[in-house]
Amino acid sequence: MTNTTSHAPAPQDLNEEISGGIGDSPLRPDGILKVRGEYAYSSDLQAEDMLWGATLRSPHPYARINSIDIAPALKHPGVYAVLTHKDVPGENIYGLKVSDTPVLAEDIVRYQGEPIALVAADHPETARRALAKIVVDYEVLEPITDPERAAHDDTLPKLHPEGNVVRYQPIIKGDPEAKADVVVSDVYTMGMQDQAFLGPESGLAIPAEDGGIDLFLATQWLHVDQKQTARALGLPVEKVRFTMSGVGGAFGGREDLSMQIHSCMLALHTGKPVKMVYNRHESFYGHVHRHPAKMYYEHGATKDGKLVYVKAKMYFDGGAYASKTPVVVSNATSLGVGPYVAPNVHIEGWGLYTNNPPCGAMRGLGAVQPAFAYELQMDKLAKALDMDPVRVRRLNTVEEGSTMHTGQVLDSPAPVAELLERLETLPMPPENRTEPGDVRGLPGGLSNTTHGEGVVRGIGYAVIIKNVSYAEGVDDYSTARVRLQAIGGEPVALVHTAAAEVGQGLITVQQQIARSELGVERVTIPPADTNVGDAGSSSASRQTYITGGAVKNACEAVREVVFERVAQRFGEDPAHLSLTGGKIVSEATGFVADLVDVLGDDVIEETREYHHLQTYAMDPKTGQSRRVHVQHAFAAHRAVVDVDTNLGLVKVVQLDCAQDVGKAINPDAVVGQIHGGSTQGLGLAVMEEIKVKDGKIRNPSFTDYLLPTILDTPPMTVQVMEMADPNSPYGVRGVGEPPTISATPAVVNAIRNATGLNLTHTPVAPEHIVGV
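Residues numbered from 1 in each chain as written. Predicted model: local features only at pLDDT ≥ 70, side-chain atom pairs only at ≥ 80, totals over all residues. Heavy atoms only, no water.

Another point: the sheet that holds strand 21 (residues 577–580). In spatial order, the strands read 21-22-23; together these three strands make up an open sheet with antiparallel pairing. Only two strands of the sheet have a single partner each, and these edge strands are strand 21 and strand 23 (590–594). Strand-to-strand twist of the sheet, defined as the mean angle between neighbouring strand axes without regard to direction, takes the value 30°. Where strand 21 lies against strand 22 (residues 583–586), four bridges are found, and the strand directions are antiparallel. Bridge pairing in strand 22 links Thr580 to Lys583. (Pairing = 2+ DSSP bridges. Helix = DSSP H or I, 4+ residues; strand = E, 2+ residues; numbered from the N terminus. Axes fitted to C-alpha atoms, helices over the stretch in contact; angles between N-to-C directions.)

Printed below as a string of structure tokens:
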């Protein structure tokens, strides 16, 4: 069930005749194909005379490479190339924020799974067998695996020349020594979560006649991949052309490079197309994961429940290379108080290098970890005050005009208290079972492990704040090219961007904007590629906002050209014209002309960018900034759980969400994003964790890395609010990440409520409940 409260004006009232515009929920053009299994993903690509690429990876978390012997692999029948770091044509280093990652390891490997050599062969099995014949002589070193120790112990080896600290960021507001009537504190830890996208890393590289390369791949950011790859290949950017292929999920795991440079190197070296597809085991080593964290939190409040201060120290394990660790530290510290007003704040955040698997972007980047801690703290504070947990939260929530602990003023609606109120008034699910003797609804009931003994129910709440788009001075713009022409007697718009469709429904959103702005039914979206300007990454809940803004700007520019032509031909005032249903209409005289007649054989094409409000870096000593983030989003969850206290099993009975989305461009897609995000947060709460010991992954498979299925996904009531942001196109607010963030602490708070246990680690495992 979806309840919508609208506070945003319709973008164009005259566009009501156009179906599938803004505010509608048209079918996704790729939806039916995906459901039928007919959709082509990047792993399905083929080319004539194609070779297969494979990667040799380090079995050690930390080791020195003494020598690499590729001769036996080269002699293997069917092998066309074996490449090492000596064969990298350009710079043997790349990185998203910091260039610190080798294309292929030279003298040191810093994590288990680091790429060392590449093979191209006529069959994937041949390539794998050739990898086994490469002989690497290692000197195994003692790995650094404790991020907190890496932050403070100067006696440890430096994993990188600048040391083991990627970024340190304090934020200080008010009196760091403030005192309070009631104080609660604890240490919270979060395990390493995998993005677990179903489509593995894959792509097809095809050498071009001009000496360049064309790569068809699944990614989240075409242009940043292109730039990094061009540097490594020693080619000008214009000779490295990337085209988006079908993406089987992303969630941040495709922001960093995987097979991009490797496949291109093999293709250029052999002169043949080269395809690379990771299997599931390799995928666990081939992409970054969510940063594990250790967080020390202390909250002080008055006897009436008002926050006096928040103190926190947070340690984020970035693994071997920086990736998005600097951004994780920024987001975590700047959002580390949550959606609450605290007059005194002292937060410190560290992002560290270790020899654990590299960590980077994942849905809710940098906001997931502190939200888990501060929301468990709010429940702990409520218990110490003998106060209702929702009341404590509502006493302290931010609102429009509040000042964050960074000094940024919230200049758009912040309906945090209303989100909580909506959840609190929702009906509760029925108790434990629907009929006597029916145990199927109990935790473990399908396995007949219980008949209700030891099963207790708990309710938990959480509300969070998340930034939208990139921050701290990044000009996070997007580009769109829009073409309007008459085809077959009908006006047709073509919208071309480099924005990555990774399953979030962006293609549909671009069509909806063009329909509403140009008043046409037919909108074509060609494959995203690097032949149009940068659209930025499909991450940070930014694409509908930023690329949507670019599409809107380009459509408006096309519309202006149309109106100028109408003004010249018919003498109408452009300011009083509108496009609707393929017709040009005047406020004064009504119908003026059919759009196809005005277009004739001409093509109108305009390219525009969209730039958001300027942001500014945090002060490195105080964390203060006039505007750290472009926009803030808010979401709240109520979780109801049943817990078998004898076996430690948990069943999430219901997981309800209330979220402000600013403006629902596609209401059905919004609800779908909230359902998916909530389920991903549920997974982190009770099952998802990459187990790492001594720097080595112990469960690199979907057999041992557990994911929620449809049977684990509970009923959800979604309350969608639309409180328009005056600074964004159509008032939109990012949707995809917030529900992931608030779902996890809500579920864990519900388990704590049911059991009375002071659970401080997520995911919560059975042994945490039964004390084994």
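Glancing now at the environment of Gly695. Locating Gly695 in the fold gives a position in the loop between strand 27 (692–693) and strand 28 (696–697). Here Gly695 falls in the buried class, since its relative accessible area comes to 1%. Sequence separation between Gly695 and Gln369 is 326 residues, and the spatial gap between their C-alpha atoms is 21 Å. With residues near it in sequence (within four places) discarded, Gly695 still touches Pro61, Gln112, Thr145, Asn355, Asn356 and Pro357. (Buried < 20%, exposed > 50% of the residue type's maximum accessible area, 1.4 Å probe, protein only. Contact = heavy atoms within 4.5 Å.)

Next up on the list: the nonpolar core. One finds Met295, Tyr297, Leu381, Phe634, Leu655, Val747 and Ile751 to be the most contacted residues of the largest nonpolar core, which totals 84 residues. Looking at this core element by element, the count peaks at 10 residues for helix 9 (residues 368–385). (Core = buried A, V, L, I, M, F, W, Y, C linked by side-chain atoms within 4.5 Å.)

In this section: the side chain of Thr126. Structurally, Thr126 is set in helix 3 (residues 124–131). Non-local contacts of Thr126, meaning those with residues more than four positions away in its chain, are made with His76, Pro77, Gly78, Val79 and Ala121.

Take the pattern of salt bridges next. Pairing is possible between side chains of opposite charge, provided their charged atoms come close. Overall, the coordinates contain 34 salt bridges when judged by the stated rule. With a shortest N-O distance of 3.0 Å, Arg241 and Asp214 are connected by a salt bridge. Taken together, the residues span a long stretch of sequence, with Arg241 in strand 12 (residues 240–244) and Asp214 in strand 11 (residues 213–217) at a distance of 27 residues. Taking relative accessible area as the criterion, Arg241 reaches 19% and is therefore assigned buried. Arg542 is the partner of Asp476 in a salt bridge, and the nearest nitrogen-oxygen pair spans 2.8 Å. You can see Asp476 sitting in the loop between strand 17 (455–468) and strand 18 (478–487) and its partner Arg542 sitting in the loop between strand 20 (522–524) and helix 13 (543–570), a full 66 residues away along the chain. Per residue, the accessibility class of Asp476 equals that of Arg542, and both read buried. Among the ionic contacts, a cluster of salt bridges with common partners joins Arg28, Asp30, Lys34 and Glu501. (Salt bridge = Lys/Arg side-chain N within 4 Å of Asp/Glu carboxyl O.)

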